[in-house]
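# Geometric and topological summary
Residue-level listing of the chains:
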Amino acid sequence: MQDTLIDQALSVQAGWTEKLDQLIAQYKSIPGALLPLLHAIQDELTYIPESAYPKIAQALSLSVAEVHGVVSFYHHFKTHKPGRHVLQICRAESCQAMGSEALEAHAKQCLSIDYHETSQDQAVTLEPVYCLGNCALSPAVMMDEEIFGRVSKADLEALIQDAIKTEAHA
Amino acid sequence: MLNMSTIVYVPRDSSALSVGAEKVASAISQEAAKRGMAVTIVRNGSRGLYWLETMVEVATDKGRVAYGPVKAADVSGLFEANFLNTEAASAKAHPLNLGLTEELAWLKQQQRLTFARVGITDPVSLEDYLAHDGYQGLKNALALSAADIVKTVTDSGLRGRGGAAFPTGIKWNTVLGCAADQKYIVCNADEGDSGTYSDRMIMENDPYVLIEGMTIAGIAVGATQGYIYLRSEYPHALAVLNEAIAKAEQAGYLGDKILGLPYGFNLEVRRAAGAYVCGEETSLLESLEGKRGLVRFKPPLPAIEGLFGKPTVVNNVISLATVPIILHKGAQYYADYGMGRSRGTLPIQLAGNIKQGGLVELAFGITLRELLYDYGGGSASGRPIKAVQVGGPLGAFLPESQFDTPLDYEAFSAIWAVLGHGGIVAFDDTVDMAKMARYAFEFCAIESCGKCTPCRIGSTRGVEVMDKIIAGTDRVKNIKLVRDLSDTMLNGSLCALGGMTPYPVLSAINHFPEDFNINDATV
Ligand SMILES: Cc1cc2nc3c(=O)[nH]c(=O)nc-3n(C[C@H](O)[C@H](O)[C@H](O)COP(=O)(O)O)c2cc1C
Ligand code: SF4
Ligand code: FES
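Please read these numbers as outputs of a predicted model, since none were measured by experiment.

### What about the overall build of chain A?
Helices and strands together make up the secondary structure of chain A, namely 8 helices and 5 strands. When the elements of chain A are put in sequence order from the N terminus, they spell out α-α-α-α-α-β-α-α-β-β-β-β-α. Seen through its principal axes, chain A has C-alpha atoms that stretch 50 × 30 × 25 Å. By residue count, 53% of the 170 residues in chain A fall in the buried class. Contacts in chain A between residues at least 24 apart in sequence constitute 61% of all its contacts with a sequence separation of at least 6.

Okay, structure coming up:
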């Protein structure tokens, strides 16, 4: 079991096992290390592979179930590799007041997917978000770490087309 | 003028970036280079007049002259009109010319205390901060005893701006009174409420004021470590805070010996991970400890047993960022603003379907109507404003008949509403309040930490019942069911997520019965 997990870990990305060890060493002794470590892993890989749980658990004296419990509690953490880009559409009240529902429908239609899914070409993963702090310029969306306000359907479509054409952000 | 470089301000605030500020900044530098003109672009914060972003300002000896809203495509036309020479007739006649920024009525009528520097300075420049009254509060605090710092905060009347409006000085006094080998200052920067962005603005546009406020808090209660728990949706704030913290450390404003004195205060930003409930202070502490964000039972209060079991001050960004001006100008100066038991100013955030959305800092007491129409300019769509939700997703919806309510904690409680974090979301008459009530339950179901049944199960049940009401099935019976469910949630929830979801739900039914296809709210 342990061995197959390690094999999977190796297949995540070249040099990943060493990188994981390095991140664990970097974070394990800071107070409340788990969230910062999970963030660091996701920053590196864009998601948190389950194969990393045993090592994390061991380093922080937790059970694998506890690590799993924390990862699954937080909406931000992804357990599967997302598409090259992540598009977040704000669903909260201020954006609703400015037509976010139509944007959501349009994005789903353009990409032929629902929330938490990735387009077939692996270009875009669609996620809901509850406020981006851009409520004075609702409706708002975020593509990777770039934020957009007063977004029209045409703007959204252009963003999606652009994402389909471009590589992942470094 | 000729060979001097003109200073041009282009905001780096993320809302300004969301409508193209980055492109505007590069268009200006390219166009200037092309024309062989010397400009120095300073990336300031936003003044918070968001409908005018990207607002470009040109420094003159009379003050800054603003142009907005500027798109990258407007830039060559601005140069054509000689916009850098603000005295030129062509610059004055340009349709985007707004005149002197400080003379804009929207800004001039505000009482900016917490936001005094926002939009004026370069956020990450410590020199700029110091040149604009920065660290004057700390300087005064260092001359006081710990108890007197706490007393100053108490006397100012400052109440927590994160939602619960608990007196900040009283909370600090509890922590001061605890003997412990380690205490903490935790800044709640989870800002999850829709319609709010004042925390984001402070962190992106004047990070040092928060750092200074936390440092004063640390010295006051004897805490040497601070954490800023920052929502993961704010990558720009993260970058600015980290840069500002590093500079403050270098300059000796943070570290084991602040300014060489025997006070230590270290500060670290910790990223949250997209759970709304982690804005609740005990859930936040669990999360900081590396756990799932399950709400804790109280007592013990976090002030007594908080982070890692140690005495901890948990305060909102705005509460902490208001401390420097209180220590700088004195408790009375701050307390002189406001009404009743709501002292000082509130940074109000206008959002939703509003023509002129942005940050309005004013003394408590202004009415919703003044905010919505005098500042907001009415709805963005031009249709009548039907409802506003104040205080985030757990706040009540208010109808037109309540728009004359003054912004005051007690006046809002009296109409079964809350001010919360000061966000005001406007809806025009196309809103369907039954859908909003359904959404309130849905949001609670998505974000519930799961610890108590009324919240976990009740919210999901609420969505189902609202679906029936919207579909027109047994309306009267189902509305009674929603009221019963709400009662259970109000009385049986551990925290305000479950306990206040009934506010938006019941206020929607009570004030807008027609949207539920019932004739009156007595059902
Ligand atoms: C579900 C829920 C979410 C909350 N979210 C926030 C938040 O995002 N920011 C905040 O400052 N307070 C939030 N609060 C209030 C905090 O529990 C706490 O009262 C506050 O951080 C104390 O700081 P203050 O006294 O300076 O307001 C939330 C409360 C609840 C119940
Ligand atoms: S009310 Fe909801 S969010 Fe709050 S403690 Fe109970 S289950 Fe958790
Ligand atoms: S509600 Fe969408 S950005 Fe705040």
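### Some details on the packing of helix α18 (residues 433-447) of chain B against helix α22 (residues 502-511) of chain B
Residues and elements named next belong to chain B. The contact between α18 and α22 brings their axes to 8 Å, and the two run at 165°. By the criterion of interaxial angle, the relationship of α18 to α22 is roughly antiparallel. With respect to the hand of their crossing, α18 and α22 are arranged in left-handed fashion. Of the residues in α22, those in contact with M433, A437, A440 and F441 of α18 are P504, V505 and A508. Grouping the amino acids of the contact of α18 with α22 by side-chain chemistry returns 7 nonpolar, no polar and no charged.

### A word on helix α12 (residues 235-250) of chain B
Working note: α-helix, 3.6 residues per turn, so residues spaced by three or four point in the same direction. With 16 residues, α12 of chain B extends 23 Å between its outermost C-alpha atoms, agreeing within 8% with the 22 Å of an ideal straight helix rising 1.5 Å per residue. The set of residues buried in α12 of chain B consists of P235, A237, L238, V240, L241, A244, I245 and A248 of chain B.

### Quick notes on the sheet that holds strand β3 (residues 56-60) of chain B
Residues and elements named next belong to chain B. On the basis of which strands lie adjacent, the open sheet formed by 5 strands has the order β2-β1-β3-β4-β5 and mixed pairing. Every interior strand has two partners, whereas the edge strands, β2 (39-42) and β5 (97-100), have only one. When the angles between neighbouring strand axes are averaged without regard to direction, this sheet yields 25°. As defined by bridge partners, strand β1 (residues 6-9) adjoins β3 across 2 bridges and the pair is classed as antiparallel. Note on β3: the bridge partner recorded for V8 is V58. Taken strand by strand, helix α2 (residues 21-34) contacts β1, β2 and β3, and its axis lies near 170° from that of β2.

### A closer look at helix α11 (residues 207-221) of chain B
All names here are of chain B. Between its first and last C-alpha, α11 extends 22 Å over 15 residues, near the 21 Å set by a 1.5 Å rise per residue. For α11, the buried fraction is high: 15 of the 15 residues fall into the buried class. At the C-terminal side of α11, G222 shows a positive phi close to 85°.

Conventions and cut-offs
Residues numbered from 1 in each chain as written. Chains lettered and ligands numbered in written order. Predicted model: local features only at pLDDT ≥ 70, side-chain atom pairs only at ≥ 80, totals over all residues. Heavy atoms only, no water. Helix = DSSP H or I, 4+ residues; strand = E, 2+ residues; numbered from the N terminus. Buried < 20%, exposed > 50% of the residue type's maximum accessible area, 1.4 Å probe, protein only. Contact = heavy atoms within 4.5 Å. Axes fitted to C-alpha atoms, helices over the stretch in contact; angles between N-to-C directions. Parallel < 35°, antiparallel > 145°, perpendicular 65-115°, else oblique. Left-handed = near helix turned anticlockwise from the far one by under 90°. Nonpolar A, V, L, I, M, F, W, Y, C, P; charged D, E, K, R; others polar. Expected span 1.5 Å × (residues − 1). Pairing = 2+ DSSP bridges.

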